[in-house]
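Working through the structure, step by step
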Amino acid sequence: MTTVDPDTLSSDARRARLFTRINKLDAWFQVFGLAWITPVLKAAAGDNPRAQMKEIWRLLAVPLIAIGAFLLLWGSLAPKVQTSLGAIPGPAAVWAEAVNLHQDAQAKAVKERAHYEKVEARNQRFIDRGQPERVKDIPYTGAPSYYQQIWTSIQTVFFGFLIASAVAIPLGILAGLSPVANSAINPLVQIFKPVSPLAWLPIVTMIVSALYASNDGLFAKSFLVSAITVTLCSLWPTLINTALGVASIDKDLVNVSKVLKMNTYTKITKLVLPSALPLIFTGLRLSLGVGWMVLIAAEMLAQNPGLGKFVWDEFQNGSSQSLAKIIVAVLTIGIIGFLLDRVMFALQSLFTFTNNR
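To start, this report covers the structure provided alongside it.

Conventions and cut-offs
Along each chain, numbering runs from 1 in the same order as the chain's sequence is written. Note on the predicted model: pLDDT of at least 70 is required for a residue's local features to be given, and 80 or more for side-chain atom pairs to be given and counted; whole-chain, interface and lining totals, by contrast, use all residues. Working from all heavy atoms in the structure, the side-chain values ignore hydrogens and water. Where helices and strands are cited, they refer to DSSP runs of H or I of at least four residues and of E of at least two residues respectively, numbered from the N terminus. Only the C-alpha atoms count toward the radius of gyration. The rule for a globule is 2.2 Å times the residue count to the power 0.38. Partly exposed residues are those whose accessible area sits between 20% and 50% of the maximum for their type, while under 20% is buried and over 50% is exposed, using a 1.4 Å probe and protein chains only. Note on definitions: a residue-residue contact is assigned when non-hydrogen atoms from the two residues lie within 4.5 Å. Computed with the Shrake-Rupley method and a 1.4 Å probe, the accessible areas treat only the protein chains shown as cover for residues. Positive residues here are Lys and Arg, negative ones are Asp and Glu, while His and the chain termini are left out of the count. Each charge is placed at NZ for Lys, CZ for Arg, CG for Asp and CD for Glu. Only residues above 30% relative accessible area that lack a salt bridge enter a patch, with like-charged residues linked at up to 9 Å and the nonpolar side chains Val, Leu, Ile, Met, Phe, Trp and Tyr linked at up to 5 Å. A carboxyl oxygen of Asp or Glu within 4 Å of a side-chain nitrogen of Lys or Arg is what we treat as a salt bridge.

1. Examining the overall build of the protein chain
When helices and strands are tallied, the protein chain shows 12 helices and two strands. Taken from the N to the C terminus, the helices and strands of the protein chain come in the order α-α-α-β-β-α-α-α-α-α-α-α-α-α. Taken over C-alpha atoms, the radius of gyration comes to 27 Å for the protein chain, far larger than the 21 Å a tight globule of 357 residues would show. Out of the 357 residues in the protein chain, the part that is buried amounts to 32%. The long-range share in the protein chain, meaning contacts at least 24 apart out of those at least 6 apart in sequence, stands at 69%. Per element, the accessible surface of the protein chain, about 21,700 Å² overall, is 66% carbon and sulfur. Side-chain charges in the protein chain split into 31 positive and 21 negative, and the spacing between the mean points of these groups amounts to 5 Å.

2. A closer look at a positive patch on the surface
On the surface, Arg14, Arg17, Arg21 and Lys24 cluster together into a patch of positive charge. By secondary structure assignment, the location of Arg21 is in helix α1 (residues 6-31). Among the residues examined, Arg21 registers a relative accessible area of 55% and is labelled exposed.

3. A few points about the side chain of Glu314
Of note, Glu314 is situated in helix α11 (residues 307-317). For the buried residue Glu314, which engages in no salt bridge, the nearest side chain bearing the opposite charge is Lys325, 4.1 Å off.

4. Concerning the pattern of salt bridges
This model, assessed by the stated rule, comprises five salt bridges. Note that Lys108 and Asp104 form a salt bridge whose closest N and O atoms lie 3.2 Å from each other. With Lys108 and Asp104 both in helix α4 (residues 91-128), this residue pair falls four residues apart, about one helical turn. Judged by its relative accessible area of 33%, Asp104 falls in the partly exposed class. The residue Lys309 makes a salt bridge to Asp313 at a minimum N-O spacing of 2.8 Å. Of this pair, Lys309 and Asp313 both sit in helix α11, four residues apart, which is roughly one turn of that helix. Each of Arg285, Asp341 and Arg342 takes part in salt bridges that share partners, so that together they form one network.

Right, dumping it as structure tokens:
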């Protein structure tokens with residue numbers, strides 16, 4: 001009779017627990033676009049290093065090589081293309097402008113803080129003198145920094161996206177549950193879905209100007225114009241995918257709801273939404289991507305102080321650094337678009353289930 005070494009058994013158990021934890025983390029690494037971390041951890045834990053190196057090569061080395069090749073191609077070809085603003089800037093020039101924008105943003109933040117400190121000191125003097133009626137809230141009127149313009153764009157796109165979702169999801173559920181409602185909604189979707197934001201923008205501008213007479217309200221006109229344009233262009237993917245998800249519910253589940261005599265609200269919350277969530281989130285991800293693309297064009301024309309206006313102002317400026325700043329903005333737009341998609345994918349992973357989770 002042989003005996004099992006307790007130390008060996010304990011080591012195998014710890015190893016099994018370690019790989020279980022790595023596999024659980026892998027789902028989140030994939031959500032955030034960091035799937036290459038999993039084979040690195042497995043290789044470090046001693047799990048078939050050769051196979052894990054192949055995965056590291058595919059998931060990490062190949063993308064890095066592709067990015068490096070793109071940068072080399074960009075750096076070699078850019079100086080050969082001459083424009084009215086000079087040669088296309090290479091990666092080094094673009095990076096230098098990104099650093100300049102960061103430093104400029106820091107300097108503007110210092111000026112803004114100094115302004116509000118002076119206003120606070122001024123108001124305190126009047127309070128100390130017993131003249132509270134002379135206390136004023138004097139806003140800072142300096143130009144927004146690059147980071148403030150990024151934040152304005154993110155706020156605008158989420159405002160329009162939330163309105164679009166609030167409209168599209170109920171309409172999608174209605175269209176998915178009722179063939180009659182689907183017949184009524186589908187023609188409108190097919191007509192308005194291809195309309196460009198540049199066509200919506202003049203209409204939205206006139207309507208907002210007519211209904212929103214001044215800029216003294218909670219939102220600026222330019223913000224509302226941009227956000228509503230985003231809404232009109234981004235609601236269609238969510239509406240279509242929601243209707244498709246609701247219409248694709250297993251008929252057995254529908255029959256069960258009839259047997260249990262569920263009312264409409266219970267049927268939607270307990271049966272329809274949980275079953276249709278994967279497709280609804282697919283639509284939301286598509287809508288947010290469309291909204292982010294539409295926003296830049298809308299901000300250019302509506303002069304909402306975001307990234308779109310930044311690109312337009314630099315184009316109109318025409319200085320030797322303008323082209324590099326525009327490329328910085330293009331890269332910023334792309335990176336933020338990727339991060340927004342990852343955020344929606346993370347939310348989808350939290351609220352939906354797959355065969356592995």
